[in-house]
Amino acid sequence: MAPEVSSHWEEFYMGSRRFQFLADTLGMPIDQVNFILGQVTALVLAYIFRVYCHPSRVSTTTRHWGSMAAGLGISYFCFGRQVLLAVLLVIGCYVLMLLLPITLVHHVTLAAAITFLSAMHIQRQIYEDGAFVIDVTGPMMIIVQKVTALAYSLHDGMSGLKDEELTPFQRQLVLRKKPSAVEYFGYALNFHSVLAGPFFMFADYQDFIDGTNYRKRAINTSAAMNSLDSNRNKSPRGLKVMEREKDVCRPEDEPNPMRVSLYKAGLAAISAVITVCVLPKFPMSYLTDPGYFRSSYLHKAFYIVAAISCTRHVYYTAWLLGDSICNMSGMGFNGYNKDGSAKWDLVSNVNVVGVETGLSLRDTLEAWNSGTMKWLRFMVYERAGTNKTLFTYMLSSVWHGFYPGYYITFVSGAFFTIAARYVRRCVRWRVINRGPTAKLVYDVVTCISTRLCLVYFTFPFVLLRFWDSIAVYRDMYFIPVIIGIFVIVFLPKILPPLPPSSGTKSAEQIKESTAQVEDTGRNVTNGIETVTAQHTKIQ
């Protein structure tokens, strides 16, 4: 999908070469052709899995084995012998789960998985030298999310913690017993998410395999989500309720995901066309070319906006296909809307419309890579007593890799998230008081400025190199950074935020109070994610 691939690094690619003729015809690298073919195969298998391996037809063990076998087959097709590294990671973490005391298993699993993944990132960085090839490190990032989240869910459910010691989100996902080997490996290596996600919790996967996901989500969506207690509730009465819920719905009684799945697959196809036909016209390497720096400021601005905007479609292609596969198999059902239509966003990773048309940086970031945000929230943000943002930032950074461009993006993303929050606090309430026309103008301005801001702090993630990124920033005279500093330091003095009146808060203030907590965790985390998530590793 990326236009620039090192032939030197391609020598290390171990995936199938069976469709090299197709890659040559399309002018695409073989690894990217294999990735698309693997995802399309998974989409077809997802339909077969939902119809012919329905919980009412086959046992949960059969569903686990089928899901895992398909995942391993697709992975071997795409990565060859490299898939053994992913299997080794899963085996190691499973052994840790069996041998370690429950009070240690979560921290040790996290440390071991991240260390293994970091070694793979470093090896890739040494051999890759900035080129892009889809290798097994992408799937391993998803596996790390799964095995570590599972370990923490086990700790929450089996270490003797009381319910009141857990957050509502943690209580939803606790595990009261260790999964079997087939459950563990099926969760880590299932074909639905093995290539590009989305990430989902073990509790959601178990409900899907058991066939109880429809009943839990459909009876009462909000109540079901709040009482979801993974694979076993906390009392004998709860166990009886769970047994009753295991009466699996008949296929004809379940909402049909075909339409929403094909819709997402269609969006992925459109993004793929943009990736193949348009993105090559805007290679990121041009940002390091002397001709770029000699061009006019308007041309440079247009080029970098076009290049990053097209690059986002690479991730849309992968993520929307992943969402489509999950939905086609029946995974992702999240209850019903008020109009009676089924919701299929339980495991969705991206809201394309939200990313492209968000009226604020916060809204845009919330629409991007929500699966990884969910993982970081579960693993770090809700557990760290102090310095929540710092620890969340650290885990996200190491998980994504060690290219200098990533860290420029992390820091810049956090900085602009804070600046955007100051603008919202100091300006938005004044605009709203001036009526709908003023608010419309404000929304248009913030929508455009958000797109420009995203481009400014995300391009180093794609460019990768530190000094090349700094050269582009210097060529822009660091103007966005200067504006951000002005907003943070001086805007509250020029346009003070809305003060409390008579000890009460307006609706806008309540929103901002909530945002203050969420911004440092979810938004900065998401800010890291928006850009960092671009480590689906596609340039």
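Calculation rules
- Residues numbered from 1 in each chain as written.
- Predicted model: local features only at pLDDT ≥ 70, side-chain atom pairs only at ≥ 80, totals over all residues.
- Heavy atoms only, no water.
- Salt bridge = Lys/Arg side-chain N within 4 Å of Asp/Glu carboxyl O.
- Helix = DSSP H or I, 4+ residues; strand = E, 2+ residues; numbered from the N terminus.
- Buried < 20%, exposed > 50% of the residue type's maximum accessible area, 1.4 Å probe, protein only.
- Patch = residues over 30% accessible without salt bridge, like charges linked within 9 Å, V, L, I, M, F, W, Y side chains within 5 Å.
- Areas by Shrake-Rupley, 256 points an atom, 1.4 Å probe, with all protein chains shown as cover.
- Axes fitted to C-alpha atoms, helices over the stretch in contact; angles between N-to-C directions.
- Parallel < 35°, antiparallel > 145°, perpendicular 65-115°, else oblique.
- Contact = heavy atoms within 4.5 Å.
- Nonpolar A, V, L, I, M, F, W, Y, C, P; charged D, E, K, R; others polar.
- Polar contact = N/O pair within 3.5 Å; in protein donor to acceptor, adjacent residues only side chain to side chain.
- Phe/Tyr/Trp six-rings, centres within 6.5 Å; stacked < 30°, edge-to-face > 60°.

Q: Got a minute to help me understand the pattern of salt bridges in this structure?
A: Opposite charge on two side chains allows them to pair when their charged atoms are near. One pass over the full model with this rule turns up nine salt bridges. For Arg124, the salt bridge is made with Asp135, and the minimal N-O distance between the two is 2.7 Å. Pair noted here: Arg124 is in helix H6 (residues 105-128) and Asp135 is in the loop between H6 and helix H7 (137-158), with a separation of 11 residues, a long-range link. With respect to class, Arg124 is no different from Asp135; both count as buried. The shortest N-O distance in the salt bridge between Arg176 and Asp163 comes to 3.7 Å. One end of the pair, Arg176, is in the loop between helix H8 (168-172) and helix H9 (181-189); the other, Asp163, is in the loop between H7 and H8, with 13 residues separating them in the sequence. Taking relative accessible area as the criterion, Arg176 reaches 23% and is therefore assigned partly exposed. For Asp163, a relative accessible area of 25% puts it in the partly exposed group.

Q: What am I meant to see in a nonpolar patch on the surface here?
A: Residues Val40, Val44, Tyr47, Ile48 and Tyr52 make up a contiguous nonpolar surface patch of roughly 450 Å² in combined accessible area. When its relative accessible area of 35% is taken as the criterion, Tyr47 is described as partly exposed.

Q: What is the right way to read the packing of helix H5 (residues 83-99) against H7 from this model?
A: Helix-helix packing is characterised by the crossing angle of the two axes and by the distance between the axes. Between H5 and H7, the shortest axis-to-axis distance is 10 Å and the interhelical angle comes to 10°. The orientation of H5 with respect to H7, classified from their angle, is roughly parallel. Along the contact surface, H5 presents Leu85, Ala86, Leu89, Val90, Cys93 and Met97, while H7 presents Met140, Ile143, Val144, Val147, Leu150 and Leu154. Tallied by class, residues from the contact of H5 with H7 come to 12 nonpolar, no polar and no charged.

Q: How should the side chain of Asp135 be read in this particular structure?
A: Relative accessible area serves as the criterion here: at 6%, Asp135 is assigned to the buried category. Polar side-chain contacts of Asp135 include one of 2.7 Å to the side chain of Arg124. Within the structure, Asp135 has its side chain in polar contact with the side chain of Thr137 (distance 2.5 Å).

Q: Quick question: what am I supposed to make of the packing of aromatic side chains here?
A: What characterises a pair of aromatic rings is the spacing of the ring centres plus the angle enclosed by the ring planes. For the structure on display, the rule yields 40 aromatic pairs. For the ring pair Tyr315 and Trp368, a centre distance of 6.0 Å and an interplane angle of 70° mean the geometry is edge-to-face. Here Tyr315, found in helix H16 (residues 297-329), pairs with Trp368, found in the loop between helix H18 (361-366) and helix H19 (370-381); they are 53 residues apart in sequence, far enough to count as distant. Among the residues examined, Tyr315 registers a relative accessible area of 1% and is labelled buried. Relative to Tyr456, the ring of Phe416 lies with its centre 5.7 Å away and its plane at 85°, an arrangement referred to as edge-to-face. In this pair, Phe416 is assigned in helix H21 (residues 404-432) and Tyr456 in helix H22 (residues 436-463), connecting sequence segments 40 residues apart.

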